[in-house]
Every structure is written in C-alpha cells, then in structure tokens.
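A structural walkthrough
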There are 2 protein chains.
Amino acid sequence: MTTELEQKPQESLQDNLKQVVALLHKHKLVEDLIHKQSGPHQDLVETLVHRQHLTELQKRLDALHSADVAHILEALPLADRLTVWHMVKAERDGDILLEVSDSVRESLIADMDDQELLAAAESLDADELADLAPDLPEDVVAELMTGLDAQERERLQSALSYEDDQVGALMDFEMVTIRDDVSLEVVLRYLRRFDELPDHTDKLFVVDQAGLLQGVLPLKRLLLNDPDKRVLEVMADDPVTFSPGDDVSDAAQAFERYDLISAPVVDATGKLCGRLTIDAMVDVIREESDSEMLNLAGLKEEEDIFAGVWRSVKNRWAWLAINLVTAFVASRVIGLFEGSIEKLVALAALMPIVAGIGGNSGNQTITMIVRAMALDQLHPDSARWMLKKEIGVSLANGVIWGGLIGVVAYALYGSPLLGLVMTAAMTLNLMLAAFMGVMIPMTLVKLGRDPAMGSSVMITACTDSGGFFIFLGLATVFLL
Amino acid sequence: MTTELEQKPQESLQDNLKQVVALLHKHKLVEDLIHKQSGPHQDLVETLVHRQHLTELQKRLDALHSADVAHILEALPLADRLTVWHMVKAERDGDILLEVSDSVRESLIADMDDQELLAAAESLDADELADLAPDLPEDVVAELMTGLDAQERERLQSALSYEDDQVGALMDFEMVTIRDDVSLEVVLRYLRRFDELPDHTDKLFVVDQAGLLQGVLPLKRLLLNDPDKRVLEVMADDPVTFSPGDDVSDAAQAFERYDLISAPVVDATGKLCGRLTIDAMVDVIREESDSEMLNLAGLKEEEDIFAGVWRSVKNRWAWLAINLVTAFVASRVIGLFEGSIEKLVALAALMPIVAGIGGNSGNQTITMIVRAMALDQLHPDSARWMLKKEIGVSLANGVIWGGLIGVVAYALYGSPLLGLVMTAAMTLNLMLAAFMGVMIPMTLVKLGRDPAMGSSVMITACTDSGGFFIFLGLATVFLL
C-alpha cells in the first residue's frame, strides 16, 4: 500500500529524472565501448565501470518514493524505461504499477512474466487489485483470486463489477468503524491498539451491529470533545455519503466543493460498503481535464508519449480519417464552383481566409462551452441565451474583422464589390461558427455523448465547407 | 471561513439549479403580468404571489452551502445572477465571493457598494482577504487594512507580496503549533481547549521558541501512540516542506504524488510561516488544466460564459487577429500561384485537403506534447526522440491517407501525376506538421512561455501556408 510521504524527498522531481538519465547514458556509452573493443584487459575495466554505474542507479532508485519512480518511468522512452524497471526491487512493483498511467502500465506489464506479476500483486489490497486487474492476463487474475481470503475476494469481485466511472470502482475498504454507544475515551484506547491508521483517515465511521451507517466521527471532534462523552452525542449523524453506483465525476465535484478528505460509501440499504478518499478524487479531476483536452483534439485516449509509431498511428487514425472525409466534402464544395474560380482566380486565394477565421472562432466558442459543461455551469435553459450571445459576438467580429479584410481585398484586387462579398461571407461564416459551436456540444450531450468528443474536427468541417459555399456562392451570384 | 461540510446537502447540484431557475422564471412571469395589468385588485394579488416566490427562493438559498450558491451564481446569466446575489444574506457574501470564479466575482463586486464590500470582507481571514484584495477597489482595501490587528495586517501584506503562482499567495495561517518537549497527553489536553480545529488539520506543527519548524506530528501518530511519549519521540522530523517562493504548480504535483493533506511552509531561515492545504492544491490543478485548454484554443483567460458580448469580443480578439494575419499570409501564398490555378482549376479544390489534414494532425501532436509537458514527463533530452517518433507517425499517415487521397484525386480528375503530387504534398505537409508540433511548444518553453499559448493557431498557420506552398509548388513544377 502506498502511504502518505512523511519524510522529505531528497531532490526535486526534475533533478531525479536528470540524474537517472545521466546514469543511463553513461551505462549505454560503456556498453557501446564493450561492443567495439575486444581486448581482454579493457573488457574487464569497462565491465567494472559499467557495474559501478548500475549500482549507483540502483541505489538512487531505492531511495525514491514509488510515485517518483513512476514519474521517471513515464518520462523515459521504452528501452530506458525497461532498464530502470528491471532495477526496481520486486516488492515495490505493485505500488509503482498503481502509480503509472494506463498506457505506461501496459508497457511494463507486457515485459513481466506471470510469476513476477503474481509477486507484484501480492502486496496490494482488494481495491488496488481491482485497479490493476483489467490490465493483467486472465490466468494471473484467476490465480490471484484463489490466493485471497473470502472477504478480500468478495471485495475484489464487488469492485470489478462496477464501471470505471462509478464510485464502486474507486472506493477502498480500509475503514475504521466504531459503535455509537461507547465513550470517546474508549475510542481513543481502541485506536491505540492499531499499528497504523489507513491513509486519509480524517473521520471514523459509526455503524450498528448490522453494519448500517449511523454517522461519522471526525477526528477533530474526537480530539476536541470531553473523552467522557459518548460517540452518539458527538458524531455527525447525517454526513455526505455516496452510493457505489454514483458517477465518480459528481463525487469528485462534491469533494472539491465541500472540501472533503474522505466520505463513506453506502449501499441502497444504508450499509457501509466502502470509503472514498480525496487522492482518488484528485486523480479523477486530473483525468477528466486531460480527456477533455485530448478529445477536443480528436485523440482517442491517453497516449503514452513514448509509445511506438504504430500505436500512435492507431490512437490517432479515427479522427484523421473523419477529418479526411470532411476535407474531401469541402473540396467537392469548391469543385461545384470551379467555373467561377476559373473566371476570377482571386477567389481561390481569398476563400481560405473565410474558412480559417470561421474555424478559429468556432473552436473558441466550443472550448468555452465544453468547459462550462464539464463544470456543470450550463443549464439547458441557458442554451438560447448562449446562442444569442455567441451570435452577437460573431456579428461584432464579422463587422470588425470582415470589414478590415474587405478593405484589404478591395485594395489588392481593385474591386469594391469583391471587398463587400468578402465582408459578408466572413460575417455569415462567423455566425455559422457561433451557431454550430453552441449546437454541436449541446447536441452531443443530449445524445448522451461526451461534448468534447472530436468537437474541434466537426466545427472545422462546418466552417470549411460552409465558408467555401457561402463565399463562392455569394461571389458567383454578385460578381460573375 | 468556509468549513468542511459535515451534514449532507438536501439535493443534488443540478436539482438546486433547476429549482432556483424555476422560481426565477415564475418571479419574472409575475413581474411581466404586473407591468401589463394595472387594475388595483390584480396588482395586489400578483404582488402577493410575487412575494411568495421570492420568499421561497430566499429560503432555498439560505439552506444551501456557500459553494453551492457560488455554483448557482456561476450558472446564471447576469440579470438572474444579480437577483439571486441580492437575496443572499450579507454575512455569507464573503464566503461566496471566495468560491466563485474570478470573472463571476468581478461581476458581483461591480454590483456592490463600498459598505457592502467592507461588510463582506469582515468575516474573512488574512489569507482569504489576500485572495479577494486584487479584485476590490483600492479605497476598500485601504479601509480594510486599518481595521485589522497588527498580526493580521502583516499576514495580509505578506500574502499580497507574492505572485499568484507562488506558494506564499496560497498559504493560510491557521496552524496549530506545539513544542517538542511535551507529552502527547499534554497535546491532547491542549487540543481540547480549542473550540474548533482549522480545516484539513491532519498534522500539528512542532516549532521551537524562535518559531523554527522542528517537525510535524501527524494526528495519526498522536492517536496511535502511548500518551506518555513525548512529541520529540513520535514526530516526523524531516517532513515535506515548501517555501513561500515555490511554484504552486510544483507544490500541487507534490501534494498529488505524495498524497498530502497539509504541509508546512517555511522561510529561508527555517521559520514556520504558513500552511498549504489540499483544497487550495485541487483548485490549482483544476485551474491549470483549464488554462491549458483555453490557451490551446487561443482564449486569453477564463471567460465567464455569461459575460456580455463586448467582454467576450475583447477576450477573444487577440488570437483572432493573429489568425487573420496568418490566414492572410496563406492567402498570399496562394496568390503566388494564381497562374497555376488558372491553368488547372482542380488545384483550388484539392489544396484545402492538404492544408486541413496537416492542421488536424499537427494539433494532435501539439496537444500530446503540451499535456506531457504540463505533467513534467518531457525531458529536454527526449526532444530528439519525440521528433523522430512524430515524423515516423506522420510518414505512416502520409503514405496511408495521402495514398488514398491520391487515388481519389486520380479517379476524379483522370490525371495519375496529379494523384502523385497530392500524395507527396500530403506526406510532406504531415511531416511539417509533426516537426512544428514538437518544435512550437518546446521553443515556447525555452523562451519561458506557456507551451499551450495559442499553439493551435500557430500550428495551423504553418500547415496552411506550408500546405498551400508545398502542394501548389509541386503542382507547378510537375504538372504545368
């Protein structure tokens, strides 16, 4: 189990990383030398130097917190990553696997055999195993199950039965429970019998004999009140609770809003079945913002930046393919007006300006809306308000920037009518961008999708095809 | 001071918001009726109904946690927001101002007079005042200062002397300090004299007479150990500490990695000067991800989604203007080849495909890199590795998608050479996108800038102008 760090780490994260990289480089230089030279004497010397670097690296790794080792692994290309991974003491493997990102975890697990995986998993609790299990080979999970006692196995199965985005999948089972009819003095004595309290214990859970949650006793109240008082008098009897089926994102927001450190999870009958803690919620917050950003760019999921070329191609191909289709559509829109362009070739040079500004402005709108939706600030009733506002913004931008570009087009090509068409097309395309920038994420949400999902590709598709059609259409009608 | 919520809120956030909006709508309907009708009898009835809705709304707001009221204020358009704000009890104003986002806070403060602001600030601690002060009128801040005692004033001035992104600006001063030569029993008795412990107290700070930090005593250790032991024997004597000049982003990462709840802040002499807590760090994490996402889209800063049209225009104009310049450059690149387009108008229809795919792919690369940099996963030594990988990915995509589009172009226009030019141009532009996608954020960081800052606009500029130049250039050389 990873525990809260109480002793200061010796060096900053960046320093750690730099030193590990430096040692790895020395190690590689020596290896290269060994391969190049073959005199028996040099060989020996080099091997000794070689060993010395590795010992130094090993010592440095042993001194680091698991989270720091995880960070170093994430920041190294695959080959270096595996060199470092092999040097980590086997009993820390489990902790470190929990700390690294999903894609890096996959790369590490792929390098371990079943025996090593079983050994790594041995030190973990049920809730930690549940995090790891989906990435492990099936036979390893089966073997792990048989090694657990009945309670742990039940907990693991329960945790695995929930979706990744449900509270049940993130709760842990390390709770200190007490009865409500004892005095605080008894609680204090009871606690002294523990060797260790679970991390993030800021409150004790008060349950009855059937395991039903009666309330919580914050440590603060335990410490501030007269030891002769009974738990019942002091506890908070209607605490914030979650149920295993709750959405983790809502739970994380509740933790953030109400400044919680830990909270009980109860099932439909009111029975205490687990505990949520702030560290898991911080991870949720981090992952959510990440996935919003990645989704906006049309990246399928978290990508290990050091993943191989083919893996990256696979991660990115879906939205590129969609983009290709939309770009092809835009190209066909232009194709419709080939006759016009042949007559007035300036149109070809000006049309990307109309499309580009529309795309940029639409992306600004969509980013704002996706963010507001993620923070639950956008009520469906506000959609009309938003639409009116965004169209107002686009009108203002259209008149200002479209007017400016219209003047420039007039100056360049000497046609006042061309300048007017340019201004009108830009204004209309900015309005289209505003409209679609509000409607795309709103519609995705109504369809139960993630509003960020490739929104950027979709808005660009609208503003490209739309922009070309509006500009070339207006030009054909008014100029030719 | 906002305290951790211990009692369960009655309703979910969305429900609260819906009910407030419903009540506001009823209230507005009634107001409209009053304006339309003028019979003395109706007037009275309507006024009564009107009052009843407002009373109900008032009651509902009083029952909500400050964080929930803040959320409702953020999710309402300006007029409704101010209606609700006026109904909030004056003594809660301070708490709520602390919870809302910067732009919403500004809109609320703009609506308050100096007396109201002074009253709102009265209930706040020095560190909370420091958060608020930059948004308050200068004379209000001056008046506030005179109302504080010497210690509070010194704290406020110290907090204001740090930049927003320094630990000193985010630390609070609510610390429980103890000496190392007393027994745990004495500490326990000492704590019982408090009415309340500061939020997020998971450890006590051990200082000597000069105020130098000797160590920390986690509550866990206080509870688990024999009360006869002395603090010195039980405390952690080399805890994780921060200094007021540290970067908050590094501090937040340390909290996340080491699962901290609170940590002491010490100055250069080792004197304890404040405390960092997880709730402030969660806000930092949330704000950082937000600003990355907004910066990528070229939005200047957090924008209140209900801000007026002119405010939004101002927030977005800078990057739109830059985009306009880059679009104009791209347009001039096309202008160079007007002769070629006149001879082969198909080029006009095909060129946006080359530019569009390049932009999309470049945005994927840049998003990945910005994210990895924000998580400190990208070591400068890895830049070359990244570049090689991204160029590999772009080569693969170029051959696959470029090949496909080449075949389509051949089928559409009947020219195999045109197809080949299309494939070559797409591959080259994808490689340009990969190169710039790595170099832009890396260069921005080397210049000490935020790597996300408008990266998306810059990469699009490169892939647009570059794509047009590559495609039209190749076409001019090989086809005409």
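Residues numbered from 1 in each chain as written. Chains lettered and ligands numbered in written order. Predicted model: local features only at pLDDT ≥ 70, side-chain atom pairs only at ≥ 80, totals over all residues. Heavy atoms only, no water.

In the nomenclature of an unreviewed UniProt entry, chain A is known as Magnesium transporter MgtE of Leeia aquatica. Per UniProt, chain A has the following entry under Function (unreviewed entry): "Acts as a magnesium transporter." (UniProt positions renumbered as here; feature names shortened; annotations may be inferred.)

**Observations concerning the packing of aromatic side chains**
Considering all chains together, one arrives at 8 aromatic pairs over all chains under this definition. Ring centres of A:W317 and B:W401 lie 6.0 Å apart, and the angle between their planes is 10 degrees; this geometry places the pair in the stacked category. Of this pair, A:W317 sits in helix α17 (residues 309–336) while B:W401 sits in helix α20 (residues 383–413), placing the two residues on different chains. Each ring, one from A:F337 and one from A:F469, has its centre 5.9 Å from the other, and the planes form 65 degrees; the classification is edge-to-face. (Phe/Tyr/Trp six-rings, centres within 6.5 Å; stacked < 30°, edge-to-face > 60°. Helix = DSSP H or I, 4+ residues; strand = E, 2+ residues; numbered from the N terminus.)

**Examining the UniProt feature "transmembrane region" (unreviewed entry) in chain A**
Residues and elements named next belong to chain A. Here, the residues flagged by UniProt with the feature "transmembrane region" (unreviewed entry) are residues 317–337, 349–370, 391–413, 419–445 and 457–479. For residues 349–370, helix accounts for 100% and strand for 0%, while the C-alpha atoms at its two ends are 33 Å apart. In residues 391–413, helix accounts for 100% and strand for 0%; the two terminal C-alpha atoms are 30 Å from one another.

**Some words on the relation of the copies chain A and chain B**
In screw terms, the move from chain A to chain B is a rotation of 180 degrees and a rise of 0.0 Å along the axis, fitting with an RMSD of 0.1 Å. The transformation just described matches what one would write down for a two-fold rotation axis. (Least-squares fit on C-alpha atoms with pLDDT ≥ 70 in both.)

**A closer look at the interface of chain A and chain B**
At the interface, 140 residues of chain A touch 140 residues of chain B. Together, the buried faces of chain A and chain B total about 12,900 Å²; carbon and sulfur atoms form 62% of this surface. In this assembly, chain A and chain B are joined by 8 salt bridges. For B:E256, the salt bridge identified is with A:R286, shortest N-O distance 2.7 Å. (Contact = heavy atoms within 4.5 Å. Buried area = accessible area lost by both parts, 1.4 Å probe. Salt bridge = Lys/Arg side-chain N within 4 Å of Asp/Glu carboxyl O.)

**Some points on the packing of helix α7 (residues 114–122) of chain A against helix α9 (residues 138–147) of chain A**
Residues and elements named next belong to chain A. As a packed pair, α7 and α9 sit with axes 10 Å apart at the nearest point and diverge in direction by 45 degrees. Classified by the interaxial angle, the pair formed by α7 and α9 is oblique. In the packing of α7 onto α9, the handedness of the crossing is right-handed. Contact with α7, carried on its side by D114, L117, L118 and A121, involves D139, V140, E143 and L144 of α9 and no other residues of that element. (Axes fitted to C-alpha atoms, helices over the stretch in contact; angles between N-to-C directions. Parallel < 35°, antiparallel > 145°, perpendicular 65-115°, else oblique. Left-handed = near helix turned anticlockwise from the far one by under 90°.)

**Focus on the nonpolar core**
By size, the foremost hydrophobic cluster in this structure holds 69 residues, and its most contacted members are A:I341, A:F471, B:I341 and B:F471. Apart from residues lying up to four places away in sequence, A:I341 is in contact with A:I334, A:L347, A:A348, A:M351, A:L472, B:I341, B:V345 and B:A348. Counting 46 residues, the second-largest nonpolar core is a separate cluster that includes A:F242, B:V240, B:A254 and B:I261. (Core = buried A, V, L, I, M, F, W, Y, C linked by side-chain atoms within 4.5 Å. Buried < 20%, exposed > 50% of the residue type's maximum accessible area, 1.4 Å probe, protein only.)

**So, the sheet that holds strand β3 (residues 213–218) of chain B**
Residue and element names in this part refer to chain B. Ordered in space as β1-β2-β3, the 3 strands form an open sheet in which the pairing is mixed. Unpaired on one side and paired on the other, β1 (177–178) and β3 mark the two borders of the sheet. Pairing analysis gives 5 bridges linking strand β2 (residues 203–207) to β3, with the strands arranged antiparallel. Residue pairing in the sheet places V207 in a bridge with L213 of β3. (Pairing = 2+ DSSP bridges.)

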